[in-house]
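Structural characterization, general
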Amino acid sequence: MTPVEVTELGSHVGSEVLIQGWLYNKRSSGKVRFVLVRDGTGLVQGVVTPDADPTAFELADSLPQESTLRLTGTVRTEPRAPGGYEISVTRIEPLHVPKAPFPIGLKEHGTGFLMDHRHLWIRMRRQTPVLRIRDGVLWAIRSFFRERGFVATESPVLVGTSVEGTTTLFPLDYFGTPAYLSQSGQLYLEATCAALGKVYWIGPVFRAEKSKTRRHLIEFWMAEGEQAFLDHVGNLALQEDLVRYVVEAVAAEHSRDLAELERDPAVLLREVGGPFPRITYHEAVALVQKAGVSMAVGDDFGAPAEDALSQHFGRPVFVERFPAVIKPFYMKRDPERPDLALCADLIAPEGYGEIIGGSQRVDTEEELLRQLREAGLPIEPYDWYLDLRRWGAVPHAGFGLGVERTVQWLAGIAHIREAIPFPRTLDRLYP
RNA sequence: UCCUCGGUAGCUCAGUUGGCAGAGCAGCCGGCUGUUAACCGGCGGGCCGGAGGUUCGAGUCCUCCCCGAGGAGCCA
């Protein structure tokens, strides 16, 4: 018999099917036994009675959690069953029977224990929908860029230069030459964008920050776009279109996953329904101060400040034109206000924090040399990057979107560690 | 790096002014013909994070160390 996936059961009502999966839970009530089977696509309940196969009846009692099995039976519509369908089981074929109890029970566990068992934890009910939503976010980003004519051009992960400041680099030995894990693919995207016009990449980046918060990972995925002949204003429009596209795609294609997480898609669609407000850095500081959060002009926004902004607007908000001194060397200055950078951060609603950082880039050699020096960076490793301003210099702009923070927002989960299969957090490299 | 709270059964936790080590879940045995993290009865299960100290006596008080969680700073 051809195996059927749990999500396809609706089109097999009344016929006999074969389900391949793992025993998630079992219950019994006298002479009726219930087996809850997961197959990766969903959960289905099988009902086993003694008038079915007596072997199946015995197995429904004795098999431990996370046994691998094949289940044969007839599909029925059943409102009492989770998922709406139920299988009247005729046969259970165990493929693997664990010798020890599964470490992750259905009751409460502490975070440390769950993180030690992350490789098993991802099988559990609240984890699989998040990972499917992550897949939806990544596919939506790719199809957005593809529809707009962007070319995927990968940036290297092993690099010789810093993008985001030297204190958060992971150093390594590249056959005797100092090297680092990439903090961002941006500099290389600026090169490929001069070759192909519109480019993007999605990949892992690394920040050796001693951060220990619900919105930080040491290794996280960035989706970065870079476009030639694009200015600051066009950059914001591109970012806004991308975020709206991703939210609408996930709301449409992952309603079942969102429902399992008790996340209302209508809330997300409302948040991206209208234009995203755009305020300047200085307006944002004033708003934050008015909300009672202490911060000075010249500070970057901390978590409480971002939360105040996100609470005030209730939708994604762009904060633009930061003081150049607190931003990286590659950002172009505002011609009207040379002390400000032509940049913007996009703050997600509901306190999920900054999900995008972007800017128009410096496009002349003189300006770039000056800003490298001001940042105290050596010139030589950036010589290739300066070449981009020596031949075919072009106004260009781009941004980086944090994939896990976006997943965190859409899935409505409290901590970023659940937004990636195997999170790399401070002091945690196992599993 | 700093601040706060924790570490007791496989897991989640309780443990009174210092005086015999406890519960729920999981496991095992039994019961129940519609369970929804099922329920009911029974059984087994402990280097109380580690090292020192105070005391007749320490899970409990003190010192140091190790580990975990939450938050800050910084960032996406």
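These numbers come from a predicted model, not from an experiment. (Residues numbered from 1 in each chain as written. Chains lettered and ligands numbered in written order. Predicted model: local features only at pLDDT ≥ 70, side-chain atom pairs only at ≥ 80, totals over all residues. Heavy atoms only, no water.)

When helices and strands are counted, chain A shows 13 helices and 16 strands. Seen along its three principal axes, the alpha-carbon backbone of chain A occupies a region of about 85 × 50 × 40 Å. Across the 431 residues that make up chain A, the buried fraction comes to 50%. Long-range contacts, defined as pairs at least 24 residues apart, comprise 66% of the intrachain contacts of chain A with a sequence gap of at least 6. In chain A, 47 positive and 57 negative side-chain charges are present, and the distance between their average locations comes to 5 Å. (Helix = DSSP H or I, 4+ residues; strand = E, 2+ residues; numbered from the N terminus. Buried < 20%, exposed > 50% of the residue type's maximum accessible area, 1.4 Å probe, protein only. Contact = heavy atoms within 4.5 Å. Lys, Arg positive; Asp, Glu negative; His and termini not counted. Charge placed at Lys NZ, Arg CZ, Asp CG, Glu CD.)

Once that is clear, we can look at the protein's contact with RNA strand B. Around RNA strand B, the structure places 50 residues, and the nearest of them are Asn-25, Glu-86, Arg-214, Glu-354 and Arg-405. In RNA strand B, atoms within 4 Å of the protein come 46% from sugar and phosphate. Contact distances for RNA strand B include 3.1 Å between a base nitrogen and a backbone N or O atom of Gly-30. At a separation of 3.2 Å, a phosphate oxygen of RNA strand B approaches a polar side-chain atom of Arg-428. Put simply, the parts of the chain that give the surface near RNA strand B at least two residues each are β1 (16-29), β2 (32-38), β3 (43-48), α2 (111-116), β11 (219-228), α10 (303-313) and β15 (353-360). Partitioning the surface near RNA strand B into residue classes produces 14 nonpolar, 15 polar and 21 charged. (Near = heavy atom within 4 Å. Polar contact = N/O pair within 3.5 Å; in protein donor to acceptor, adjacent residues only side chain to side chain. Nonpolar A, V, L, I, M, F, W, Y, C, P; charged D, E, K, R; others polar.)

With that settled, consider the pattern of salt bridges. Overall, the coordinates contain 30 salt bridges when judged by the stated rule. Note that Arg-370 is salt-bridged to Glu-374, the shortest N-O span being 3.8 Å. Remark: Glu-374 and Arg-370 occur in helix α11 (residues 365-374); sequence separation between them is four residues, near one turn of the helix. Salt-bridge contacts for Arg-390 lead to Asp-383; the nearest nitrogen and oxygen are separated by 3.1 Å. The network of salt bridges with common partners includes Arg-76, Glu-78, Arg-80 and Glu-86. (Salt bridge = Lys/Arg side-chain N within 4 Å of Asp/Glu carboxyl O.)

This paragraph deals with the nonpolar core. Residues Ile-141, Trp-409 and Leu-410 are the most contacted members of the largest nonpolar core, which totals 43 residues. Going through the elements one at a time, α4 (127-147), β10 (198-206), α6 (232-253), β14 (343-348), β15, β16 (396-402) and α13 (403-411) are the ones with two or more residues in this core. Leave out the neighbours within four places in its chain, and Trp-409 touches Val-243, Val-247, Arg-263, Leu-268, Glu-271, Val-272, Pro-316, Ala-348, Pro-349, Glu-350, Tyr-352 and Ile-355. Val-285, Ala-305, Leu-309 and Ala-341 belong to the second largest nonpolar core, which has 28 residues in total. (Core = buried A, V, L, I, M, F, W, Y, C linked by side-chain atoms within 4.5 Å.)

What follows concerns the sheet that holds β3. Taken in spatial order, the five strands close into a barrel running β1-β2-β3-β5-β4, and their pairing is mixed. Averaged over all adjacent pairs, the angle separating strand axes in this sheet is 55°, with direction ignored. In terms of strand pairing, β2 meets β3 through six bridges, oriented antiparallel. The residue of β3 that forms the bridge with Arg-38 is Leu-43. (Pairing = 2+ DSSP bridges. Axes fitted to C-alpha atoms, helices over the stretch in contact; angles between N-to-C directions.)

It is worth spelling out the environment of Phe-422 at this point. Among the secondary structure elements, Phe-422 is positioned in the segment after α13. Phe-422 has contacts with Arg-118, His-119, Ile-122 and Pro-431, leaving out every residue within four places of it along the chain.

Under the domain assignment, chain A is made up of domain 1 (6-96) and domain 2 (120-419). Centre-to-centre separation of domain 1 and domain 2, based on C-alpha positions: 45 Å. For the domain 1 and domain 2 pair, buried surface summed over both sides reaches about 650 Å², with 43% attributable to carbon and sulfur atoms. Seen at the junction of domain 1 and domain 2, the total is one salt bridge. (Domains from an automatic or database assignment. Buried area = accessible area lost by both parts, 1.4 Å probe.)

Before going further, it helps to examine the sheet that holds strand β9 (residues 177-181). The strand order across the open sheet formed by three strands is β7-β9-β8, and the pairing between neighbours is antiparallel. The sheet is open, and its two edges are formed by β7 (158-159) and β8 (171-174), each paired on a single side.

In terms of strand pairing, β7 meets β9 through two bridges, oriented antiparallel. Within β9, the position partnered with Leu-158 by the bridge is Leu-181. In this sheet, β9 lies alongside β8 in antiparallel orientation, the contact comprising four bridges. Bridging across to β9, Asp-173 finds its partner in Pro-178. Between β8 and the antiparallel strand that follows it, β9, lie two residues; Phe-175 among them carries a positive phi value of about 50°.

Time to look at the pairing of β15. Regular strands place their side chains on alternate faces of the sheet. Within β15, six of the eight residues are buried, which leaves it mostly tucked inside the rest of the structure. Bridge analysis of β14 against β15 gives six bridges, and the strand direction is antiparallel. If you follow Ala-344 over to β15, its bridge partner there is Gly-358. What sits between β14 and β15 in their antiparallel hairpin is a turn of four residues, with Glu-350 showing a positive phi close to 60°. Pairing of β15 with β16, which is carried by five bridges, proceeds in the antiparallel orientation. Note that in β16 the partner of Gln-360 across the bridge is Ala-397.

Chemically, a disulfide is nothing more than a covalent bond linking the sulfur atoms of two cysteines. In total, this model carries zero disulfides according to the counting rule given. Its sulfur unpaired, Cys-193 is 18 Å from the next cysteine sulfur, which belongs to Cys-343. Cys-193 gets classed as buried once you look at its relative accessible area, which sits at 1%. (Disulfide = S-S within 2.5 Å.)

According to the stated counting rule, one finds 15 aromatic pairs in the structure shown. When the ring of Phe-144 is compared with that of Phe-145, the centres are 5.6 Å apart and the planes differ by 70°; the resulting orientation is edge-to-face. This pair shows no difference in class: Phe-144 is buried, exactly as Phe-145 is. Centre to centre, the rings of Phe-329 and Tyr-382 are 5.3 Å apart; their planes meet at 70°, and the pair counts as edge-to-face. Separated by 53 residues along the polypeptide, Phe-329 in the loop between β13 (317-320) and β14 and Tyr-382 in the loop between α11 and α12 (383-390) bring together distant segments of the chain. Residue Phe-329 shares its accessibility class with Tyr-382, and that shared class is buried. Among the aromatic residues, those joined into a cluster by ring pairs are Phe-144, Phe-145, Phe-150, Tyr-200, Tyr-245 and Phe-399. Directly above the ring of Trp-121 sits Arg-118, whose terminal nitrogen or CZ lies 4.7 Å from the centroid. Between Lys-327 and the ring centre of Phe-322, over which it is positioned, the NZ or CZ distance is 4.2 Å. (Phe/Tyr/Trp six-rings, centres within 6.5 Å; stacked < 30°, edge-to-face > 60°. Lys NZ or Arg CZ within 6 Å of the ring centre and 35° of its normal.)

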